[in-house]
Amino acid sequence: SKLERVLVHRDFQSHNIQVKQGEIHLIDFQGMRFGLPEYDLASLLYDPYVAIQEADRQILLDYYSLNTFRPGGPRRKIFLQCAAQRLMQACGAYGFLSQQKGKTQYLEYIPPAIHRLKMVLEELGELKSLQQLLKRTSDVTQKIRTQQA
């Protein structure tokens with residue numbers, strides 16, 4: 001692909017950004033490699049650990065667009081495709097951690113991740129079969145929430 005590649009963290013989410021003595025530290029960067037800059041941005045702005053309202057997400061995206069050296073800021077379609085990829089990866093990780101590793105606290109993040117994935121895919125207008133499957137997940141996400149209570 002001819003798209004610009006930059007060094008990306010690949011797990012750029014709120015739990016991996018720490019502030020110690022007023023300084024920002026990034027942790028858990030062993031998966032760092034070259035990739036699309038939109039991937040880390042999407043990972044942070046669609047982070048299932050944090051509730052960000054759509055209006056606030058857009059303000060942050062606009063801020064990035066105005067302050068980046070890249071002409072035109074993030075490419076919307078690529079940004080959304082990166083968000084979809086990241087959210088699918090997160091759902092898989094949460095499922096693995098809860099079911100295979102017994103870390104059931106990760107179950108609570110599956111419903112917000114699925115909700116955000118539905119929103120992203122709807123805006124993209126892609127992966128129609130996955131969109132249909134996700135529409136049927138309300139029972140599953142309700143069961144997860146019940147298990148957490």
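Read on for a plain summary of the structure. (Residues numbered from 1 in each chain as written. Predicted model: local features only at pLDDT ≥ 70, side-chain atom pairs only at ≥ 80, totals over all residues. Heavy atoms only, no water.)

## Quick word on the packing of helix α3 (residues 76–99) against helix α4 (residues 110–124)
Inference 1: Closest axis-to-axis distance for the α3/α4 pair is 9 Å, and the angle between their directions is 155°. Between α3 and α4, the angle falls in the class roughly antiparallel. The two elements α3 and α4 cross, and the hand of that crossing is left-handed. Contacts between α3 and α4 involve Arg76, Lys77, Leu80, Gln81, Ala83, Ala84, Leu87, Met88, Cys91, Tyr94 and Gly95 on the former and, on the latter, Ile110, Ala113, Ile114, Arg116, Leu117, Val120, Leu121, Glu123 and Leu124.
Inference 2: Broken down by class, the residue content of the contact of α3 with α4 amounts to 14 nonpolar, 2 polar and 4 charged. (Axes fitted to C-alpha atoms, helices over the stretch in contact; angles between N-to-C directions. Helix = DSSP H or I, 4+ residues; strand = E, 2+ residues; numbered from the N terminus. Parallel < 35°, antiparallel > 145°, perpendicular 65-115°, else oblique. Left-handed = near helix turned anticlockwise from the far one by under 90°. Contact = heavy atoms within 4.5 Å. Nonpolar A, V, L, I, M, F, W, Y, C, P; charged D, E, K, R; others polar.)

## Details of the packing of aromatic side chains
Inference 1: In this structure the tally under the stated criterion is 5 aromatic pairs.
Inference 2: Both rings, one in Tyr46 and one in Phe79, keep their centres 5.9 Å apart while their planes meet at 45°; by these two values the pair is tilted. Note that Tyr46 is positioned in the loop between α1 (37–45) and α2 (54–67) and Phe79 in helix α3, a separation of 33 residues in sequence.
Inference 3: Residue classification places Tyr46 among the buried residues on the basis of a relative accessible area of 3%.
Inference 4: Accessibility expressed as a relative area gives 1% for Phe79, which makes it buried.
Inference 5: Directly above the aromatic system of Tyr46 lies the positively charged group of Arg57, at a separation of 4.1 Å from the ring centroid. (Phe/Tyr/Trp six-rings, centres within 6.5 Å; stacked < 30°, edge-to-face > 60°. Buried < 20%, exposed > 50% of the residue type's maximum accessible area, 1.4 Å probe, protein only. Lys NZ or Arg CZ within 6 Å of the ring centre and 35° of its normal.)

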